[in-house]
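# A structural walkthrough
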Amino acid sequence: MSLSGRVALVTGGTRGIGLATARALAEAGATVVLTGRDESRAKEAASAAGAAAGLALDVTDAKAVSALVRGVAKEHGKLDIVVANAGIMEDALLGMIKEELVDTTLSTNVAGTLHTVQAAARAMMRKKSGAIVVLASIVGEYGSAGQTVYAASKAAVANIARSAAKELGRSGIRVNAVAPGVIETDLTSGLSEDAKAENSSRTPLGRLGRPEEVANAIRFLVSDEASFITGQVLGIDGGLVL
Ligand code: NAD
């Protein structure tokens, strides 16, 4: 599954699944650029992951996303792989949902993913090839109490992949989503031990997932091994059904 000679961009690559993905792509031989909201953390993460560069980017800023993607493609001569990973999760029961939570979740998870996919498509269109992966979630498929806003945002992300795949297929660009179950990262570090134990016990594989296990699936989806796979939402969840 060599990615030698490929140029890859991973958003939200400073920690968790994004960092593991940047590392996995770099280990497979790709030239990787990762982004984070904070420039110094992005640079640190890039050197930890063996990435070529770490740049500051807020994915809610459409113009900044477009400029950064164009800049990466220009500097490296092309852009083959984009992983739209940046995302946030904040829980709230229906009666407690504040407008601000709706705005930040939808602007980061939905609009941020959309901006990234749009910019990636523009950059890849010239070469008529490319592979994009977006980060959906198991809760986008099944729903989750206390996570209505987040689950809705991730259902939208899955449909960004399905729709973009239909639109971009004839341009040689594949678009897929991964839908992780519960993965041990900062995002889920607020879960109580009871909640973690309950999720593990409901998971056929009997445990939570690791960021590297999501990264490995992403590396497969962006590789030539997955050359006839597009528009799919791949569950990486140990068999968990919510
Ligand atoms: P994490 O919180 O560890 O990392 C998220 C990354 O996104 C961070 O680098 C953060 O700085 C970045 N980010 C957040 N908002 C941003 C913005 N506006 N602009 C740029 N970067 C921004 O989370 P993680 O667990 O590694 O999650 C990565 C992705 O996977 C997210 O989209 C998340 O929704 C999804 N996911 C995670 C799980 C899980 O169990 N951890 C499950 C399903 C889906």
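Look a little higher up for the structure.
Model, not experiment: these values are computed from the prediction.

Thresholds applied
- Residues numbered from 1 in each chain as written.
- Predicted model: local features only at pLDDT ≥ 70, side-chain atom pairs only at ≥ 80, totals over all residues.
- Heavy atoms only, no water.
- Pairing = 2+ DSSP bridges.
- Helix = DSSP H or I, 4+ residues; strand = E, 2+ residues; numbered from the N terminus.
- Axes fitted to C-alpha atoms, helices over the stretch in contact; angles between N-to-C directions.
- Contact = heavy atoms within 4.5 Å.
- Left-handed = near helix turned anticlockwise from the far one by under 90°.
- Nonpolar A, V, L, I, M, F, W, Y, C, P; charged D, E, K, R; others polar.
- Buried < 20%, exposed > 50% of the residue type's maximum accessible area, 1.4 Å probe, protein only.
- Arc of directions from axis to C-beta.
- Core = buried A, V, L, I, M, F, W, Y, C linked by side-chain atoms within 4.5 Å.
- Expected span 1.5 Å × (residues − 1).
- Patch = residues over 30% accessible without salt bridge, like charges linked within 9 Å, V, L, I, M, F, W, Y side chains within 5 Å.
- Areas by Shrake-Rupley, 256 points an atom, 1.4 Å probe, with all protein chains shown as cover.
- Salt bridge = Lys/Arg side-chain N within 4 Å of Asp/Glu carboxyl O.
- Near = heavy atom within 4 Å.
- Polar contact = N/O pair within 3.5 Å; in protein donor to acceptor, adjacent residues only side chain to side chain.

### Details of the sheet that holds strand E6 (residues 173-180)
Strand order in the open sheet made by the seven strands is E3-E2-E1-E4-E5-E6-E7, with parallel pairing throughout. Each having just a single partner strand, strand E3 (53-56) and strand E7 (233-236) make up the two edges of the open sheet. If you compare each strand with its neighbour and ignore which way they point, the axes differ by 20 degrees on average. Contacts from helix H8 (residues 211-222) reach strand E4 (81-84), strand E5 (130-135), E6 and E7 within the one sheet, and its direction differs from that of E6 by about 165 degrees.

### Things to note about the packing of helix H3 (residues 62-76) against helix H4 (residues 99-125)
Following both chains from N to C, one finds H3 and H4 inclined at 35 degrees, their axes separated by 9 Å at the closest point. The chirality of how H3 crosses H4 is right-handed. Within the contact between the two elements, H3 uses Ala-62, Val-65, Ser-66, Val-69 and Ala-73 and H4 uses His-115, Thr-116, Ala-119, Ala-120, Arg-122 and Ala-123. Residues of the contact of H3 with H4, tallied by class, amount to seven nonpolar, three polar and one charged.

### Notes on helix H7 (residues 193-202)
Looking only at H7, the buried set comprises Lys-196, Asn-199 and Ser-200. Summarising the axial view, the buried residues of H7 lie within an arc of 100 degrees, below the 170-degree limit, and thus occupy one face. Exposed positions of H7 whose direction lies more than 90 degrees from the buried face are Asp-194 and Ser-201.

### Side note on the nonpolar core
Leu-9, Val-69, Leu-79, Ile-132, Val-134 and Val-175 are the most contacted members of the largest nonpolar core, which has 35 residues in total. For this core, the secondary-structure elements that each account for two or more residues are strand E1 (7-10), H3, E4, H4, E5, helix H6 (148-168) and E6. Beyond its immediate chain neighbours, meaning those up to four positions away, Leu-9 contacts Val-33, Thr-35, Leu-68, Val-69, Leu-79, Ile-81, Val-82 and Val-83. If you look at the next biggest cluster of nonpolar residues, it comprises 30 residues, including Ala-22, Ala-46, Val-83 and Val-222.

### Some remarks on H3
With 15 residues, H3 extends 21 Å between its outermost C-alpha atoms, agreeing within 8% with the 21 Å of an ideal straight helix rising 1.5 Å per residue. Of all the residues in H3, the buried ones are Val-65, Ser-66, Leu-68, Val-69, Val-72 and Ala-73. Down the axis of H3, the buried side of the element spans an arc of 165 degrees, and every buried residue falls inside it. In H3, the exposed residues that point more than 90 degrees away from the buried face are Lys-63, Arg-70, Lys-74 and Glu-75. Packing partners of the buried residues in H3 comprise E1, strand E2 (31-36), E3 and H4.

### Some thoughts on a nonpolar patch on the surface
On the surface, a cluster of nonpolar side chains totalling about 280 Å² of accessible area is made up of Tyr-142, Val-241 and Leu-242. Looking at the secondary structure, you find Val-241 in the segment after E7.

### What about the site of the ligand?
Around the ligand, a shell composed of 28 residues is seen, among which Arg-15, Ile-17, Tyr-150, Ile-183 and Thr-185 lie nearest. At 2.8 Å from an oxygen atom of the ligand is found a main-chain nitrogen or oxygen belonging to Ile-17. Residue Arg-37 places a side-chain N or O atom 3.3 Å away from an oxygen atom belonging to the ligand. Against a free-state accessible area of 820 Å², the protein chains account for coverage of 97% of the ligand.

As far as function goes, none of this settles anything; it's purely spatial.
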